[in-house]
Amino acid sequence: MGLELPPIDAGGLSQRMSIAWLRCRRRSMAPYRPPPPPRHTRSSTGSAPPIYWRKLLTRNTVAVGRRAWMTCGVACTALVVAACGSAGGGSGADDPTSEADPEVPAAEAAPGLLSTVDESLAPGGTLDLQVHIDAVGATGLDPQWADLASSWQVMGLVYETLVTVGPDFEVEPMLAESWEQPDDTTYVFHLRSGVEFSNGREMTADDVVGSLERLLELGSVWTGQLGPVESVSATDDATVEVVLAEPYTPFLAALANVPAAILPMREVADGTVDLDTTMLGTGPFVVEDHRPDVSWRFARNEGYWHPDQPALDGIDISIVPQEGSRIAALRDGSASMITLGNVDAPQVLGGVPQVEVLSQASTDYYYLMLNSQAPDSPFADPRVRQAINLAVDRQRIADAALGGLVNPTGVTPVGLPGACEPGDLPSATGDLDAARALLSEAGADDLTFQLSIFSTEPAPAVAQVIEQSLREIGVSVEIEQLEEASWAGKVYGAAPAEFDAALSWFAGYADPGMVTKWWNPDVAGFNLGFMAADDELSSLIDAVNTAPPGPDREQLMADLCAAVEADAQMLPLVTRPIAVGYRADAISPTVYATEGYGNPLRRLAETRSGQQ
């Protein structure tokens with residue numbers, strides 16, 4: 001869901017679906033079928049984000065330089081040490097790339113893009129990519145169970161959906177070359193001709209029908225995002241009709257993510273493909289090799305339907321948890337692209353010729369979980385949770401921990417059309433006196449609790465600001481840093497959950513109502529161990545995803561944002577920065593300026609290396 005495991009993740013999802021929870025859910029629990037929401041209306045997509053949000057779309061080209069953001073502390077220390085001391089790092093004369101290579105300017109980016117592929121470069125070559133985690137290897141290869149944005153990034157190289165999301169979140173054709181809506185509850189998809197799975201078999205309408213029906217019956221987290229689907233049928237070999245029980249605003253946006261991928265259902269049915277162990281899709285690449293937690297190797301899908309893609313012969317992905325090591329590899333040229341988590345990365349890489357760092361604006365956001373379900377938890381009292389909500393300084397998190405690259409947000413991701421205004425919410429008042437009064441009323445003047453976080457940057461920096469904010473109202477916070485699998489097991493591995501408070505992030509998606517569904521534990525499932533369902537909140541979530549775009553829906557979203565802060569079991573904080581670094585002398589990629597599904601690698605098939 002974009003839950004995300006420690007960014008890890010969405011992820012999602014993330015947002016986060018834990019590895020431990022996924023394994024438990026899949027192997028030992030009966031699947032649940034979320035109840036359909038009351039009424040939902042189709043989404044209006046394609047609106048551009050507001051001007052203030054576009055100002056955050058920062059293109060960081062190291063040759064030009066960039067103003068020095070931010071703070072010292074854990075984030076700065078870790079990256080300075082990594083840059084100066086990591087093997088293969090160094091600068092100046094110690095950097096083998098710094099002596100003679102001339103600058104290679106990136107291709108001029110088109111609107112909505114941070115970088116546009118240089119199509120004058122010859123196709124071919126292999127991309128050496130380094131990422132921080134192998135979430136796919138940990139949670140299984142079935143895309144319909146994939147709830148982590150880290151998984152979506154890898155699975156998106158093999159699997160494709162009926163529709164996809166373009167720049168500024170507009171829904172675009174993919175395996176469906178067009179569609180129409182005869183009425184508010186009917187969608188007719190016309191399938192692209194000449195599409196084959198990587199085994200050479202042509203994709204048919206039966207594969208589409210079977211894939212969507214399987215997802216609806218599976219009871220995975222993404223099942224709840226599809227809405228009240230009443231029927232899926234093939235009207236001929238190239239046309240699929242989906243009928244909803246009631247209108248549902250985010251339907252197309254929900255179809256645009258990897259869990260809704262079209263699967264080879266004939267092979268699944270006859271048992272020749274096991275989706276838990278084999279990835280077989282219509283996408284631009286095929287898996288050649290996978291060593292869990294070590295590496296992936298992908299080769300070009302020679303039968304891919306797009307005539308000019310993939311431009312690469314292959315992609316080699318190395319799993320490198322330490323960001324300093326990934327940065328060192330980019331510096332010395334052993335990696336041509338890396339994912340980045342720390343907002344100081346542009347400064348660390350600022351003296352390296354041929355290196356560019358691209359920062360995406362994102363609808364993803366961090367959130368704080370307060371466990372109301374643990375025995376004797378102080379957070380069972382809503383006054384205590386509301387006090388925490390008032391005291392946590394979102395703007396300080398944005399500025400001090402995340403370098404001014406992000407914004408405070410409500411539950412509807414700031415920047416998406418119709419989302420609520422975070423400045424109108426109680427959390428924006430910073431009313432510390434009211435927070436202290438709530439604690440006093442609840443008998444929690446000497447509140448102490450543990451905040452469990454994953455160690456991946458920038459989560460430690462975010463946690464430090466939370467601790468400093470709460471200290472101002474007399475609350476003592478002990479920060480517990482865990483490696484990602486341990487963090488996931490602690491947060492999602494038991495019911496009731498075995499933590500006091502925890503930090504994570506969600507993917508924000510392309511429709512502002514989608515992520516709000518995770519505030520209904522009966523739909524989300526992953527948070528049943530630490531969050532109680534609230535009937536009023538759940539009704540507002542349904543209403544938001546019912547109303548058509550316009551003033552009425554915007555008012556409902558404003559009401560929902562306020563209700564989430566009053567409930568205060570999961571507290572939206574600030575949006576999440578996404579960054580990638582690449583060598584301009586090795587590759588030319590296309591990278592979106594905005595991203596809503598936690599996937600900066602969305603158009604990797606277009607990347608060119610100029611190598612033969």
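Use the structure listed above.
Residue positions within a chain follow its written sequence, with the count starting from 1. Confidence filtering applies because this is a predicted model: local features only for residues at pLDDT of at least 70, side-chain atom pairs given and counted only at 80 or more, and all residues used for totals across whole chains, interfaces and linings. In computing side-chain properties, one takes all heavy atoms of the structure into account and sets aside hydrogens as well as water.

## Focus on the packing of helix α11 (residues 382-391) against helix α13 (residues 432-441)
The axes are straight lines fitted to the C-alpha atoms, using for helices just the contacting stretch, and the angles between their N-to-C directions are given from 0 to 180°. Every helix listed is a DSSP run of H or I at least four residues long, and every strand listed is a run of E at least two residues long, numbered separately from the N terminus. At a minimum axis separation of 8 Å, α11 and α13 run at an interaxial angle of 160°. In terms of orientation, α11 and α13 fall into the roughly antiparallel class. The handedness of the crossing between α11 and α13 is left-handed. Here α11 contributes Arg383, Val384, Gln386, Ala387, Leu390 and Ala391 to the contact with α13, which in turn contributes Leu432, Ala434, Ala435, Leu438, Leu439 and Glu441. Taken together, the residues of the contact of α11 with α13 break down into nine nonpolar, one polar and two charged. Working definition: roughly parallel below 35 degrees, roughly antiparallel above 145 degrees, roughly perpendicular at 65 to 115 degrees, and oblique for all remaining angles. If you view the pair so one helix is near and one far, a crossing is left-handed when the near helix is turned anticlockwise from the far one by less than a right angle, and right-handed when it is turned clockwise. Residue contacts follow a heavy-atom distance rule, with two residues in contact if any of their heavy atoms lie within 4.5 Å. Only Asp, Glu, Lys and Arg are considered charged, only Ala, Val, Leu, Ile, Met, Phe, Trp, Tyr, Cys and Pro nonpolar, and every remaining residue, Gly among them, polar.

## Topic: the state of the cysteines
The term disulfide is used for any two cysteine sulfur atoms that are within 2.5 Å. Applying the stated rule across the entire model yields one disulfide. Between the sulfur atoms of cysteine 420 and its disulfide mate cysteine 561 the distance is 2.1 Å. Taking the torsion about the S-S bond as the criterion, the cysteine 420 to cysteine 561 disulfide, at about -90°, is left-handed. In this pair, cysteine 420 is assigned in the loop between α12 (394-401) and α13 and cysteine 561 in helix α18 (residues 551-567), connecting sequence segments 141 residues apart. A single burial state applies to cysteine 420 and to cysteine 561, both of which are buried. Buried residues are those whose accessible area, probed at 1.4 Å on protein chains only, stays under 20% of the maximum for their type, while exposed residues exceed 50% and partly exposed ones sit between those limits.

## So, the nonpolar core
Residues belong to one nonpolar core when they are buried, are Ala, Val, Leu, Ile, Met, Phe, Trp, Tyr or Cys, and are joined through side-chain atoms within 4.5 Å. Among the nonpolar cores identified, the biggest contains 160 residues, and Leu162 and Trp519 are the most heavily contacted of them. Looking at which element gives the most residues to this core, the answer is helix α14 (residues 459-471), with seven residues. If we skip the residues at most four places from it in the chain, tryptophan 519 touches Tyr365, Val411, Phe506, Met531, Leu537, Ile541, Val564, Met570 and Pro572. Of all hydrophobic cores here, the second largest spans 13 residues; its members include Ala329, Leu349, Val357 and Ala579.

## Overview of the packing of aromatic side chains
Only Phe, Tyr and Trp rings take part, Trp by its six-membered ring, and two of them pair if their centres are within 6.5 Å. Stacked means planes under 30 degrees apart, edge-to-face means over 60, and tilted covers everything else. One pass over the structure, following the stated rule, counts 20 aromatic pairs. Summarising the aromatic geometry, the rings of tyrosine 365 and phenylalanine 506 are spaced 6.5 Å apart at their centres and angled 85° between planes, so their arrangement reads as edge-to-face. Separated by 141 residues along the polypeptide, tyrosine 365 in strand β15 (residues 365-370) and phenylalanine 506 in strand β18 (residues 501-506) bring together distant segments of the chain. Using a relative accessible area of 0% as the deciding quantity, one classes phenylalanine 506 as buried. Among the aromatic residues, those joined into a cluster by ring pairs are Tyr365, Tyr367, Phe454, Trp487, Tyr492, Phe499, Phe506, Trp518, Trp519, Phe526 and Phe530. Sitting over a ring, as applied to charges here, requires NZ of Lys or CZ of Arg to be within 6 Å of the ring centre and within 35 degrees of the ring normal. Against the face of tryptophan 505 rests arginine 576, its NZ or CZ located 3.4 Å from the ring centre.

## Observations regarding the pattern of salt bridges
Salt bridge criterion: a side-chain nitrogen from Lys or Arg within 4 Å of a carboxyl oxygen from Asp or Glu. Applying the stated rule across the entire model yields 18 salt bridges. Close ionic contact of arginine 583 with aspartate 585 constitutes a salt bridge, the shortest N to O distance being 3.1 Å. Judged by its relative accessible area of 35%, aspartate 585 is partly exposed. Of the charged contacts in the structure, one is a salt bridge between arginine 603 and glutamate 606, with a shortest N-O distance of 2.6 Å. Take glutamate 606: its relative accessible area is 17%, and that puts it in the buried class. Through salt bridges that share partners, Arg201, Asp207 and Glu267 make up one connected network.

## Topic: the sheet that holds strand β7 (residues 186-191)
Sheet strands line up and pair through hydrogen bonds in the backbone, either parallel or antiparallel. Overall, antiparallel pairing links the four strands, which are arranged β6-β7-β9-β8 in an open sheet. Looking along the sheet, the strands with just one partner apiece sit at the ends: β6 (176-183) and β8 (229-236). Going from strand to strand, the sheet's axes swing by 20° on average, the running direction of each strand aside. Bridge count between β8 and strand β9 (residues 239-244): six bridges; the pairing is antiparallel. Bridge pairing in β9 places alanine 234 opposite valine 240. Those strands touched by helix α6 (residues 205-218) are β7, β8 and β9, and its axis lies near 170° from that of β8. By definition, two strands form a pair when at least two bridges between them are found by DSSP.

## Some words on α14
Structurally, the α-helix is built with 3.6 residues per turn, so residues lying three or four positions apart point the same way. Expected span of a helix: the number of residues minus one, times 1.5 Å. A rise of 1.5 Å per residue sets the reference length of α14, with its 13 residues, at 18 Å; its end C-alpha atoms lie 18 Å apart and thus fit the reference within 8%. A large share of α14 lies buried, amounting to 10 of its 13 residues. Within the span of α14, buried status applies to Ala459, Pro460, Ala461, Val462, Ala463, Val465, Ile466, Glu467, Ser469 and Leu470.

## Regarding the sheet that holds β18
Sheet architecture is open: five strands sit in the order β17-β16-β18-β15-β19, paired in mixed fashion. Of all the strands in the sheet, just β17 (476-482) and β19 (570-575) have a single pairing partner and so form its edges. Adjacent strand axes in the sheet meet at a mean angle of 30°, parallel and antiparallel pairs treated alike. Here strand β16 (residues 448-454) runs beside β17; their pairing, made up of seven bridges, is parallel. For threonine 448, the partnering residue across the bridge sits in β17 and is serine 476. Running over the sheet, α14 touches β15, β16, β17, β18 and β19 and is turned about 165° from β16.

## Section: the packing of α12 against α14
Viewed as axis vectors pointing N to C, α12 and α14 meet at an angle of 140°, and their least axial separation amounts to 9 Å. One way to sum up the angle between α12 and α14 is to call them oblique. Of the two possible hands of crossing, α12 and α14 adopt the one that is right-handed. For the pair α12 and α14, contact is made by Arg396, Ile397, Ala400 and Ala401 and by Ala461, Val462, Val465, Ile466, Gln468 and Ser469, respectively.

## Observations concerning the pairing of strand β14 (residues 355-362)
Burial within β14 is extensive, with eight of its eight residues counted as buried. Here β14 shows a buried face lined by Val355, Val357, Ser359 and Ala361 and a second buried face lined by Glu356, Leu358, Gln360 and Ser362. Pairing of β14 with strand β20 (residues 578-583), which is carried by six bridges, proceeds in the antiparallel orientation. The residue of β20 that forms the bridge with serine 359 is alanine 579. With two bridges connecting them, β14 and strand β22 (residues 594-595) associate as parallel partners. Bridge assignment links serine 362 to a residue of β22, and that residue is glutamate 595.

## Concerning the environment of phenylalanine 251
One can find phenylalanine 251 in helix α7 (residues 251-255). Once residues within four sequence positions are removed from consideration, phenylalanine 251 is found in contact with Tyr187, Phe189, Leu226, Val229, Val242 and Leu244.

## Some points on a negative patch on the surface
The patches described consist of residues with a relative accessible area above 30% and no salt bridge, like charges being joined within 9 Å and nonpolar side chains (Val, Leu, Ile, Met, Phe, Trp, Tyr) within 5 Å. Note on areas: Shrake-Rupley with a 1.4 Å probe; residue coverage comes only from the protein chains shown. In this tally Asp and Glu are treated as negative and Lys and Arg as positive; neither His nor the chain ends contributes. A single reference atom marks each charge: NZ on Lys, CZ on Arg, CG on Asp, CD on Glu. A contiguous patch of negative charge on the surface is contributed by Glu196, Glu202, Asp206, Asp236 and Asp237. For aspartate 236, a relative accessible area of 40% corresponds to the partly exposed category.

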